[in-house]
Amino acid sequence: ADIAGSFLTISDRANEQLHLVDASADLPLLTTLPGVHAFTWSQSHEELLTATDFEVIIHHFKEQRSQELLVRISTPVGDVAWHEGEQYVFYTTNGALYVAARDNRDERYVAKLAEGYEGLHVISATEKEIRFTSQQATSFIFWQLPL
């Protein structure tokens, strides 16, 4: 579970879905997002970044509830994270770390930042670096990558 502004976000990992609840009222269920296995709120708590098996989606909550498909790929998406200024989004796939630009055009710019790592999990992303872990046998390795 996570609280962002007036939203309570509950992750149901067994059924791979995410429940959004209005934390300011009597906890009414606002919506359920099926297939979501990773998520993170923007700093303003007005946008929710989610990962399903093959998509990275930005959900907008400020004025109207809408969603923006950022990436659709044929490789399963693992983890997602916002860049500090929220102009870029990081996501992982099988052994690779990518960055996608948000540019309000029909085209998306996506770049591969790292590859050859198993079990990638993004810890944090600042203006100057991204920190992530990878799994090797029974241990985890901490990485810092300058941007």
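Please read all numbers here as calculations on a predicted model, not as lab measurements.

**Structural notes on the sheet that holds strand β10 (residues 88-93)**
Then, in step 1: Strands sit in the order β9-β10-β11-β12 across an open sheet of four strands; the sheet is antiparallel. The open sheet is flanked by β9 (80-82) and β12 (110-115), the only strands paired with a single partner. Averaged over all pairs of adjacent strands, the angle between strand axes in this sheet comes to 20°, irrespective of strand direction.
Then, in step 2: In terms of strand pairing, β9 meets β10 through three bridges, oriented antiparallel. From the neighbouring strand, Ala 81 faces β10, where its bridge partner is Phe 90.

**Some words on the environment of Thr 52**
Then, in step 1: By secondary structure assignment, the location of Thr 52 is in the loop between β6 (47-51) and β7 (55-60).
Then, in step 2: A residue is classified by how much of its surface remains accessible, and Thr 52, at 13% relative accessible area, is buried.
Then, in step 3: Along the sequence, Thr 52 and Phe 39 sit 13 residues apart, while their C-alpha atoms lie 9.2 Å from each other.
Then, in step 4: Beyond its immediate stretch of four places on either side in the chain, Thr 52 contacts Pro 34, Gly 35, Val 36, His 37 and Val 77.

**Some remarks on the nonpolar core**
Then, in step 1: Residues Leu 49, Val 56, Leu 70, Val 80, Val 89 and Tyr 91 are the most contacted members of the largest nonpolar core, which totals 15 residues.
Then, in step 2: Of all elements in the fold, only β6, β7, β8 (66-72), β9, β10 and β11 (96-101) reach the threshold of two or more residues within this core.
Then, in step 3: Here this core takes three residues from β11, the largest share from any one element.

**A closer look at unusual backbone geometry**
Then, in step 1: Positive phi is not limited to glycine here, since His 45 has a value of about 65°.
Then, in step 2: One can find His 45 in the loop between β5 (38-41) and β6.
Then, in step 3: Accessibility expressed as a relative area gives 34% for His 45, which makes it partly exposed.

**Section: the confidence of the model for the protein chain**
Close inspection of predicted coordinates is inappropriate for parts of the model with low pLDDT.
Then, in step 1: Averaged over all residues, the pLDDT of the protein chain is 82; the fraction at 70 or higher stands at 86%.
Then, in step 2: Per-element confidence in the protein chain is highest for β9, whose mean pLDDT is 93, and lowest for strand β1 (residues 2-4), whose mean pLDDT is 66.

**Looking at the side chain of His 83**
Then, in step 1: The residue His 83 is located in the loop between β9 and β10 in this model.
Then, in step 2: With a relative accessible area of 12%, His 83 lands in the buried category.
Then, in step 3: In this view, His 83 contacts Tyr 88, Phe 90, Ala 125, Thr 126, Glu 127 and Leu 147; residues no more than four positions away in its chain are not counted.

**Here's the deal with the sheet that holds strand β13 (residues 121-125)**
Then, in step 1: Here three strands make up an open sheet; going across it, the order is β13-β14-β15 and the pairing antiparallel. Strand pairing shows two members of the sheet lacking a second neighbour, β13 and β15 (139-146), which therefore form its edges. Averaged over all adjacent pairs, the angle separating strand axes in this sheet is 20°, with direction ignored.
Then, in step 2: Sheet topology note: the strand β14 (residues 129-136)/β15 ladder contains eight bridges and is antiparallel. Bridged to Phe 132 within β15 is Trp 143.

Here is what the cut-offs are and how they apply
- Residues numbered from 1 in each chain as written.
- Predicted model: local features only at pLDDT ≥ 70, side-chain atom pairs only at ≥ 80, totals over all residues.
- Heavy atoms only, no water.
- Pairing = 2+ DSSP bridges.
- Helix = DSSP H or I, 4+ residues; strand = E, 2+ residues; numbered from the N terminus.
- Axes fitted to C-alpha atoms, helices over the stretch in contact; angles between N-to-C directions.
- Buried < 20%, exposed > 50% of the residue type's maximum accessible area, 1.4 Å probe, protein only.
- Contact = heavy atoms within 4.5 Å.
- Core = buried A, V, L, I, M, F, W, Y, C linked by side-chain atoms within 4.5 Å.
- pLDDT = per-residue confidence, 0-100.

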